[in-house]
Amino acid sequence: MALLQVAMCTEMGARPYNEDRVLHGSGGNGLFAVLADGAGGHSRGAEAAERATRCIERQLLDEPVAFSPAKLSTMVRAAHRELQQHQDPGGPGGEMHCTLVVLWVDPAQRHVLWTHVGDSRLYRVRHGRIDVITVDDSVVQRMVQAGLLTVEQARTHPHRNQLLAALGIEGEIEPHTVVRPVELLEGDAFLLASDGWWDCIEPRELTGMLNRALQPAQWLAMMRERIVQLDKAQQDNFSAVAVWVGDPAEVTVPRDDDTRPGGWRRPG
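Residues numbered from 1 in each chain as written. Predicted model: local features only at pLDDT ≥ 70, side-chain atom pairs only at ≥ 80, totals over all residues. Heavy atoms only, no water.

This part takes up the overall build of the protein. The helix and strand inventory of the protein stands at seven helices and eleven strands. When burial is assessed residue by residue, the protein has 54% of its 268 residues classed as buried. Nonlocal contacts in the protein, meaning residues at least 24 apart in sequence, comprise 74% of its contacts between residues at least 6 apart. Carbon and sulfur atoms make up 49% of the accessible area of the protein, which amounts to about 12,000 Å² in all. (Helix = DSSP H or I, 4+ residues; strand = E, 2+ residues; numbered from the N terminus. Buried < 20%, exposed > 50% of the residue type's maximum accessible area, 1.4 Å probe, protein only. Contact = heavy atoms within 4.5 Å. Areas by Shrake-Rupley, 256 points an atom, 1.4 Å probe, with all protein chains shown as cover.)

With that settled, consider the confidence of the model for the protein. With 85% of its residues at a pLDDT of at least 70, the protein reaches an overall mean of 88. In the predicted structure, residues 253–268 sits below a pLDDT of 50 and forms 36 contacts with residues beyond four places in sequence or in another chain. (pLDDT = per-residue confidence, 0-100.)

We now examine the packing of aromatic side chains. Counted under the stated rule, the structure contains three aromatic pairs. Between Trp 197 and Phe 238 the ring centres are 5.9 Å apart and the planes differ by 45°, which places this aromatic pair in the tilted class. Linking Trp 197 in helix α5 (residues 195–198) with Phe 238 in strand β11 (residues 238–245), this pair joins segments that are 41 residues apart in sequence. On the basis of relative accessible area, Trp 197 is assigned to the buried category, the value being 0%. What makes Phe 238 buried here is its relative accessible area of 5%. With centroids separated by 6.3 Å and ring planes inclined at 50°, the aromatic side chains of Trp 219 and Trp 244 adopt a geometry described as tilted. Linking Trp 219 in helix α7 (residues 216–230) with Trp 244 in strand β11, this pair joins segments that are 25 residues apart in sequence. Using a relative accessible area of 1% as the deciding quantity, one classes Trp 219 as buried. Assessed through its relative accessible area of 1%, Trp 244 is described here as buried. For Arg 121, the ring lying beneath its charged end belongs to Trp 198, and the centroid distance is 3.5 Å. (Phe/Tyr/Trp six-rings, centres within 6.5 Å; stacked < 30°, edge-to-face > 60°. Lys NZ or Arg CZ within 6 Å of the ring centre and 35° of its normal.)

The next point concerns the pattern of salt bridges. Counting across every chain of the model gives 15 salt bridges. Linking Glu 174 and Arg 77 is a salt bridge whose minimum nitrogen-to-oxygen distance equals 3.1 Å. Of this pair, Glu 174 sits in the loop between α4 (151–155) and β8 (176–177) while Arg 77 sits in helix α2 (residues 69–85), placing them 97 residues apart in sequence. Overall, the relative accessible area of 56% leaves Glu 174 in the exposed class. The partner of Arg 126 in a salt bridge is Asp 188, and the shortest N-O contact between them spans 2.6 Å. You can see Arg 126 sitting in strand β6 (residues 121–126) and its partner Asp 188 sitting in the loop between β9 (182–183) and β10 (189–193), a full 62 residues away along the chain. A relative accessible area of 5% means that Arg 126 is categorised as buried. A cluster of three or more residues bridged by salt bridges with shared partners is formed by Arg 44, Glu 47, Arg 51, Arg 58 and Glu 82. (Salt bridge = Lys/Arg side-chain N within 4 Å of Asp/Glu carboxyl O.)

Buried residues dominate β11, accounting for eight of its eight residues. In the sheet, β10 pairs with β11 via five bridges, with the strands oriented antiparallel. What sits directly across from Ala 193, in β11, is Ala 240. (Pairing = 2+ DSSP bridges.)

This is how it looks when you write it as structure tokens:
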């Protein structure tokens, strides 16, 4: 299949420390990219994000596993349990939580899986068309879906950072995993992004920058520069991972014959 290219970027923004974590790797189970956005007292958010991403990494590198939605969900639940086991409610830092988004590629079969918990997002640009292929686990997203808010109103709502699910919370979680492997096409471009990243860039800007980029690192650099130029006083940590299948610039004509997996929902 076409060459897979990956690039990562993570920045502190205006915060005193970075609670985002990004990583990618490849091995017998294929290629993967992982992003987590932590929350907790002192450095516990960073710990949560580190533990979650490394837990996913271990499971994908340690031994051969079935490339399936069920297995991917099992990995996320294992990361959730690991955070639960290391909680310290009475400690100086309190509890820790994190969002998570994972992209998993099987190059041999030309298929991809993804999953997420929280409001870190996964975008896909295919034939010049961008889709948000995750749905935020957030209060404002539920309000948008119910018709109580517009997408524009949600961006500035005072509860926009209030999550309905995250790794490390009490009880069980239900990862939002795509229901079946999805075919990869030449020119597909994926972006995993924390809320500090996607909240600063409109989807049309993502595609415009993609059309000018020669490689995924350059695409991320353009977006990073845009976020820095905004110079927000309370800029959150902002992080992203870009995964390209070949060269997206060579495949920019939208098509109507794309199929989407069952259960696919687009925010807004």
